[in-house]
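Observations on the model geometry
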Amino acid sequence: MASTCPNCGKKLHIWNVKAECSACGVSIPNFNWQERLEEDNIRAEKQFTVFNKTMNRIAYSIWGTKLRIARLILTFLPAVGFILPWAVLKSDGASFDLSIISFSGNKSLIDFFTSFFGNINLYITNMKFESFGGALTLGVLGYILFVLSALLIVIAFFLNIIMCKRPKTKSTVVFDILSIAASVASVVCFVISGSLAADFTAYNFGDFAVINGSASISWGYFVALALLLVATGINIAVAKAPAKSDETLEEERLARKAVKDEKERQKQIEKEKAREEAERLAAEEEAKKVAEAKAKLAADAEKKKK
């Protein structure tokens, strides 16, 4: 309830529960309702304008031009690179692929996460034993940076929507570059992990035994890196390309809406014409039946006379 009467200004207390003011008798909830309704309409129109502007920007950011449609496709392509092997840690015991899944029977990111979160204390203890600088530590860091690279490229995609009000933003390019940097660091850590593994006959990679280990970069990383570079390039191209203003986007939306409304209007006209034609044919059919019935009655009456 209002703290004062909007009509006479009397101070209202918690016990003033009636809708009418005790001083002037005006209905407080209904006071000046026409003006308040107009204010609500104006506020709703502003909110609707902001909503339309945001939706225009989101649609334009994702598929507003051929270049942006190309970006949409090329932004998803790097996901393919993350299922390819970036590096391989081979051993006479367990072998590992720096990849989400492995097609060669080696352990992959999924196996690593299952082992790591199943017995995290074992990993921490072993990494402490090598002073957080040995083969296990770098192997774990390689997987973490691999995940970070994937996360950064996903963030870069969603920034196209989040930053839609700034169509020439370079934030997506920044995250693309960070993703590439994380991918390089991931492979370097994994390969160095294999080099350090060669100094030991055997060590435990969590639950897995690595025996006579060695690591090398794999062909899959070059494919993944190429896809990441292409995604970065297309984002740079979009950032440099001319961008439409909010006014232009709204004009285009209204033009599309006008075309759609006109099509709907034409459909309604066609439906009305079809209805009128059906009614006309039905009326003609009915008149024909009546005429035939009258003719039959006249013929029967003529026969009776004879």
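Our structure is the block above this text.
The notes below deal with the structure included here.

Thresholds applied
Residues numbered from 1 in each chain as written. Predicted model: local features only at pLDDT ≥ 70, side-chain atom pairs only at ≥ 80, totals over all residues. Heavy atoms only, no water. Helix = DSSP H or I, 4+ residues; strand = E, 2+ residues; numbered from the N terminus. Buried < 20%, exposed > 50% of the residue type's maximum accessible area, 1.4 Å probe, protein only. Contact = heavy atoms within 4.5 Å. Areas by Shrake-Rupley, 256 points an atom, 1.4 Å probe, with all protein chains shown as cover. Lys, Arg positive; Asp, Glu negative; His and termini not counted. Charge placed at Lys NZ, Arg CZ, Asp CG, Glu CD. Phe/Tyr/Trp six-rings, centres within 6.5 Å; stacked < 30°, edge-to-face > 60°. Pairing = 2+ DSSP bridges. Axes fitted to C-alpha atoms, helices over the stretch in contact; angles between N-to-C directions. Parallel < 35°, antiparallel > 145°, perpendicular 65-115°, else oblique. Left-handed = near helix turned anticlockwise from the far one by under 90°. Nonpolar A, V, L, I, M, F, W, Y, C, P; charged D, E, K, R; others polar. Core = buried A, V, L, I, M, F, W, Y, C linked by side-chain atoms within 4.5 Å. Patch = residues over 30% accessible without salt bridge, like charges linked within 9 Å, V, L, I, M, F, W, Y side chains within 5 Å. Salt bridge = Lys/Arg side-chain N within 4 Å of Asp/Glu carboxyl O.

This part is about the overall build of the protein chain. When helices and strands are tallied, the protein chain shows nine helices and five strands. The secondary structure elements of the protein chain, listed N-terminal to C-terminal, are α-α-α-β-β-α-α-α-α-β-β-β-α-α. Over its C-alpha atoms, taken along the principal directions, the protein chain stretches across nearly 125 × 85 × 45 Å. Within the protein chain, the fraction of its 306 residues that count as buried is 31%. When contacts within the protein chain are restricted to residue pairs at least 6 apart in sequence, those whose partners lie at least 24 apart make up 65%. If you sum the accessible surface of the protein chain, you get close to 19000 Å²; carbon and sulfur atoms cover 64% of it. Taken together, the 39 basic and 32 acidic charged side chains of the protein chain have centroids lying 3 Å from each other.

For the structure on display, the rule yields 20 aromatic pairs. Residues F96 and F208 carry aromatic rings whose centres are separated by 5.7 Å and whose planes lie at 75 degrees to one another, so their mutual orientation is edge-to-face. One end of the pair, F96, is in strand β2 (residues 96–97); the other, F208, is in strand β4 (residues 208–211), with 112 residues separating them in the sequence. With a relative accessible area of 0%, F96 lands in the buried category. Between the aromatic rings of F112 and F116, the centroid separation amounts to 5.4 Å while the plane-to-plane angle is 35 degrees, which identifies the pairing as tilted. Of this pair, F112 and F116 both sit in helix α4 (residues 109–118), four residues apart, which is roughly one turn of the helix. The exposure classification of F112 matches that of F116, with both residues buried. An aromatic cluster is defined as three or more aromatic residues linked by ring pairs; in this entry it consists of F96, F112, F113, F116, F117, Y123, Y143, F190, F205 and F208.

Summarising the element assignment, M163 is placed in the loop between α6 (135–162) and α7 (171–197). Sequence separation between M163 and I28 is 135 residues, and the spatial gap between their C-alpha atoms is 44 Å. Apart from residues no more than four positions distant in its own chain, M163 is found in contact with T169 and S171.

A word on the sheet that holds strand β1 (residues 87–90). Strands sit in the order β2-β1-β5 across an open sheet of three strands; the sheet is antiparallel. Looking at which strands have only one partner, the edges of the open sheet turn out to be β2 and β5 (214–217). Most of the contacts of α7 go to β5, to which it runs at about 150 degrees, and overall it touches β1, β2 and β5.

Before going further, it helps to spend a moment on the packing of α6 against α7. The axes of two packed helices give the description: the angle between them and the distance between them. In the contact formed by α6 and α7, the axes pass within 7 Å of each other and the chain directions differ by 165 degrees. With respect to α7, the element α6 is oriented roughly antiparallel. Every pair of crossing elements has a handedness; the one defined by α6 and α7 is left-handed. Class assignment of the residues belonging to the contact of α6 with α7 gives a composition of 21 nonpolar, 10 polar and one charged.

Take the nonpolar core next. By size, the foremost hydrophobic cluster in this structure holds 30 residues, and its most contacted members are F96, Y123 and F205. Of all the elements in the fold, those that place two or more residues in this core are β1, α4, α5 (120–129), α6, α7, β3 (202–205), β4 and α8 (219–240). Apart from residues no more than four positions distant in its own chain, F205 is found in contact with L89, F96, F112, Y123, L136, G139, V140, Y143 and V210. Ranked by size, the runner-up nonpolar core spans five residues in total, among them L12, C21, V26 and I28.

Moving on to unusual backbone geometry. The backbone of F132 shows a phi angle near 55 degrees, a positive value even though the residue is not glycine. Relative to the elements of secondary structure, F132 occurs in the loop between α5 and α6. For F132, a relative accessible area of 47% puts it in the partly exposed group. In the Ramachandran plot, N212 falls in the positive-phi region, its phi being about 55 degrees despite a non-glycine side chain.

A separate point is a negative patch on the surface. There is a patch of like negative charges on the surface, built from E35, E38, E39 and E45. With respect to the helices, strands and loops of the structure, E38 is situated in helix α1 (residues 33–63).

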